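So the chains spell out like this:
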Amino acid sequence: MACGIRAATTALGKPVKTPQPSEAATRAAARKSLVAARPIQAGEVFCDANLTAKRPGGGMAPVDYWRLLGRPARRDYARRMS
């Protein structure tokens, strides 16, 4: 029974999951960033019609979407095509 418990504990792994070194190369390509869905002028309010999330990452995290909604843009943003 003790051997079975140890095997089950080992199979469950660690409670904290971290990226493996082999996953580092795909991390940037798999992440998304917030981008302008259409041109945004300075002072225009961010809304669901002018923001979207696209790959690859490297910019503002999509989780910031809710923080930006309803706020005015500080500068002009061009539409991100890809």
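The sections below set out a description of the structure shown in this document. (Residues numbered from 1 in each chain as written. Predicted model: local features only at pLDDT ≥ 70, side-chain atom pairs only at ≥ 80, totals over all residues. Heavy atoms only, no water.)

### A closer look at the overall build of the chain
Each helix and strand in the chain was counted, giving 3 helices and 2 strands. The N-to-C order of helical and strand elements in the chain reads α-α-β-β-α. Taking 12 Å as the expected radius of gyration for a compact globule of 82 residues, we find that the chain reaches 20 Å, considerably beyond that expectation. Viewed in the frame of its principal axes, the chain has a C-alpha envelope of about 65 × 25 × 15 Å. Here the chain holds 82 residues, and 13% of them are scored as buried. Long-range pairs, those at least 24 residues apart, make up 63% of the contacts in the chain with a sequence separation of at least 6. (Helix = DSSP H or I, 4+ residues; strand = E, 2+ residues; numbered from the N terminus. Rg over C-alpha atoms; globule rule 2.2 N^0.38 Å. Buried < 20%, exposed > 50% of the residue type's maximum accessible area, 1.4 Å probe, protein only. Contact = heavy atoms within 4.5 Å.)

### Topic: the nonpolar core
In terms of nonpolar packing, the biggest core is built from 8 residues, these being L34, A36, I40, F46, L51, Y65, L68 and A73. At the level of secondary structure, the elements contributing two or more residues to this core comprise β1 (33-36) and α3 (65-68). Discounting chain neighbours no more than four positions away, the residues touching L34 are T52, A53, M60, A61, P62, D64, Y65 and L68. (Core = buried A, V, L, I, M, F, W, Y, C linked by side-chain atoms within 4.5 Å.)

### Focus: the pattern of salt bridges
Oppositely charged side chains are able to pair whenever their charged atoms sit close together. Counting across every chain of the model gives 2 salt bridges. For E44, the salt bridge is made with R38, and the minimal N-O distance between the two is 2.8 Å. Using a relative accessible area of 23% as the deciding quantity, one classes E44 as partly exposed. With its nearest N and O atoms 3.8 Å apart, the salt bridge here joins R67 to D64. Classification of D64 as partly exposed rests on a relative accessible area of 22%. (Salt bridge = Lys/Arg side-chain N within 4 Å of Asp/Glu carboxyl O.)

### Things to note about the packing of aromatic side chains
The tally for this structure, following the rule as stated, stands at 2 aromatic pairs. Arranged with centres 6.0 Å apart and planes meeting at 55°, the rings of F46 and Y77 form a pair that is tilted. One end of the pair, F46, is in the loop between β1 and β2 (51-54); the other, Y77, is in the segment after α3, with 31 residues separating them in the sequence. In this structure F46 comes out as buried when scored by relative accessible area, which is 8%. Seen in terms of ring centroids, Y65 and W66 are 4.9 Å apart; in terms of plane orientation they differ by 85°. Their pairing is edge-to-face. For W66, a relative accessible area of 66% translates into the label exposed. (Phe/Tyr/Trp six-rings, centres within 6.5 Å; stacked < 30°, edge-to-face > 60°.)

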